[in-house]
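Understanding the architecture of this molecule
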Amino acid sequence: MRVVSVMNQKGGAGKTTTAMNVAAAAAESSDVLLVDVDPQGSAAWWAGRAGDDLPFDFAQEINIANLAKLRALPYDLIIVDTPGSLEKTGVLKEVVKQSDFVILPSEPEALSFQPLLHTVETVIRPLGVDFRVLLNKLDPRVPGDEIDAQKLIDGLGLPRFRTGIHSYKVHTTAPLSGSVVTQYRPTRASFKAINDYRKVTVELFAIWANTPRNVGV
Ligand SMILES: Nc1ncnc2c1ncn2[C@@H]1O[C@H](COP(=O)(O)OP(=O)(O)OP(=O)(O)O)[C@@H](O)[C@H]1O
Ligand SMILES: [Mg+2]
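In this report, the structure presented in the accompanying data block is examined. Treat the numbers as computed from the prediction; the structure is a model and nothing was measured.

**Quick look at the nonpolar core**
- In this structure, Met20, Leu34, Phe56, Ile79, Phe101, Ile103 and Phe161 are the most contacted members of the largest nonpolar core, which totals 37 residues.
- Where this core is concerned, the elements lending two or more residues are β1 (2-6), α1 (15-26), β2 (32-36), α2 (42-50), β4 (77-81), β5 (101-106) and α8 (188-209).
- When near neighbours in sequence (up to four residues on either side) are disregarded, Ile79 contacts Val4, Val6, Ala19, Val22, Ala23, Leu33, Leu34 and Val35.
- Judged by nonpolar contacts, the second largest core, of 30 residues, contains Phe113, Ile124, Val129 and Leu158.

Rendered as structure tokens:
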């Protein structure tokens, strides 16, 4: 079992969208639990809209001390959605201590990089947990957008997923309709949207094939 937290102190970077959709893609082959530790409760609201149609289990856990107990549950993967605030450094450190891996979704914009670097340098690197930046909201209509964004992240010296997540309108309406990416009505855009998250999940599993679990917790 692995615990993966989705983190970035930049608000609106796509943490909740990433957590829900990576959980959905992983749930195609694994038993997955999504835990929302953000008091804002966006993932909880989204899961509530989905109801019984959600393809993975869901829990809201604001008391971080209880996270350790979740490891005992019989899941293949636990994904943790976290709050996006610079004031939450202490809480985020407690989450990282319980994590085997951290996904950092980030928009491909210079103004996003300061909070992203803050999260990496203050919260994640001091605890030595493996992480990757996941580029989010890439423009699917601009072919060079992804390569330019990759260069920016590489220039910051941060490891990243080879796959990026593109921006599709359907992602913004999914919470209200209570659906996750694997349930989108089939269209050309939704096929690409599903493919993005499936590729990230495959990459995640491939990274783990070569990494021992966080046995320190
Ligand atoms: N790949 C994407 N394509 C289109 N819209 C997206 C994508 N990812 C995120 N969004 C939209 O961007 C907004 C912010 O996303 P989200 O709520 O997932 O970010 P967050 O990091 O969880 O925010 P917070 O810091 O408030 O928790 C939402 O409206 C969401 O629908
Ligand atoms: Mg969120």
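That covers the picture; the talk isn't over yet.
**Looking at the packing of aromatic side chains**
- Under the defined criterion, the tally for this structure stands at three aromatic pairs.
- A ring pair is formed by Phe101 and Trp208, whose centres lie 6.2 Å apart and whose planes are at 80 degrees; its orientation type is edge-to-face. On the criterion of sequence distance, the pair formed by Phe101 in strand β5 and Trp208 in helix α8 is long-range, its members being 107 residues apart. An identical accessibility class is assigned to Phe101 and Trp208; each is buried.
- Grouped by ring-pair contacts, the aromatic residues Phe101, Phe161, Phe205 and Trp208 constitute a single cluster.

Calculation rules
- Residues numbered from 1 in each chain as written.
- Chains lettered and ligands numbered in written order.
- Predicted model: local features only at pLDDT ≥ 70, side-chain atom pairs only at ≥ 80, totals over all residues.
- Heavy atoms only, no water.
- Core = buried A, V, L, I, M, F, W, Y, C linked by side-chain atoms within 4.5 Å.
- Buried < 20%, exposed > 50% of the residue type's maximum accessible area, 1.4 Å probe, protein only.
- Helix = DSSP H or I, 4+ residues; strand = E, 2+ residues; numbered from the N terminus.
- Contact = heavy atoms within 4.5 Å.
- Phe/Tyr/Trp six-rings, centres within 6.5 Å; stacked < 30°, edge-to-face > 60°.

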